[in-house]
Structures are given as C-alpha cells and as structure tokens.
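So the chains spell out like this:
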Amino acid sequence: MKRPSSATVLAGSLTLTGALHFLLPRPFDSIVPRRLPGSPRGWTYLSGAAELGCAAAVAHPRTRRAGASATTALFAAVFPANVKMALDYRYRSTPLRFVAYARLPLQLPLIQWSLRVRRNTGR
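Notes on the structure in this doc start here. The numbers attached to residues start from 1 for each chain and follow its sequence in the written order. Thresholds applied to this predicted model are a pLDDT of at least 70 for local features of residues and 80 or more for the giving and counting of side-chain atom pairs; totals over whole chains, interfaces and linings are not thresholded and use all residues. To obtain the side-chain values, all non-hydrogen atoms of the structure were included, while hydrogens and water were left out.

1. Brief notes about the overall build of the protein chain
Item 1. When helices and strands are tallied, the protein chain shows 6 helices and 0 strands.
Item 2. Here the globule rule reads 2.2 Å times residues to the power 0.38, and the radius of gyration is calculated from C-alpha atoms. Taken over C-alpha atoms, the radius of gyration comes to 15 Å for the protein chain, in line with the 14 Å a tight globule of 123 residues would show.
Item 3. Principal-axis analysis of the C-alpha atoms places the extent of the protein chain at approximately 45 × 30 × 25 Å.
Item 4. Looking at the protein chain as a whole, 33% of its 123 residues are labelled buried. Helix and strand assignments follow DSSP, with helices taken as H or I runs no shorter than four residues and strands as E runs no shorter than two, numbered in order from the N terminus. Here's how the labels work: a residue is buried when its accessible area is under 20% of the maximum for its type, exposed when over 50%, partly exposed in between, all with a 1.4 Å probe on protein chains only.

2. Some details on the environment of R26
Item 1. Following the sequence through the fold, R26 ends up in helix α2 (residues 25-29).
Item 2. Separated by 18 residues in the primary sequence, R26 and T44 have C-alpha atoms spaced 8.6 Å apart.

By themselves, these observations are geometric and do not establish any function.
Below is the structure:
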C-alpha cells in the first residue's frame, strides 16, 4: 500500500482542525486575542474556514503551491492565539500547561512542513 504524500497528510490535518473549529468552537474561542475586533466565535469560524480552504487548496495539485503558501501564512497568523493560550494556562494543571506550551514551538515545524509542500510542488 502506498503511503500518503506529505501534501495529502497536510490537507487531512487542516481538514480535521478546520472542522473542529465548527464542531467544538469553545476551546478556540478562548484563545482568540482580546484585542481583535468582533466576537471570538467569529474569529473561530473564520480561522476554521481558512483552514478548510487551505486544506482544499493543498489537496488539489493545481492549487497546491498557492495553498501551501496560504497555509504558511495561516500558521504564522495563529501564533498570537498560541501565545495567549500559553499565558492563560500558566496556572492550570501540568498536562494542560504542557499542551499550551507545546503549541508554541510546534508552529515552526508546521510552517516548515507547509513550505516543504510548496517547494516540492511544481510551478
């Protein structure tokens, strides 16, 4: 059986997390930086839709390169939410703090992954 490509796995991951924004929005609402205008739920839905759009673009060979570029930008754009989560979880239980703190350095390999998919996609 053939292993799925890195682009396919990236698209699947984006689909899962994008869908979670709609199915279980509350945890995402809680990490939306307060300084953003509008409601946290609106930002949760917007970021979920962005993830689903990136997933669709990465999944299709014709739009993969642009989709991977958009995914890179998305991964960078959500970093402030991860910082907020880490700050908010400073006094939570050790497992919750671990998850919150692990999200910070995880952004770099995610960005590298999307850049690698972009680089490995023909023009």
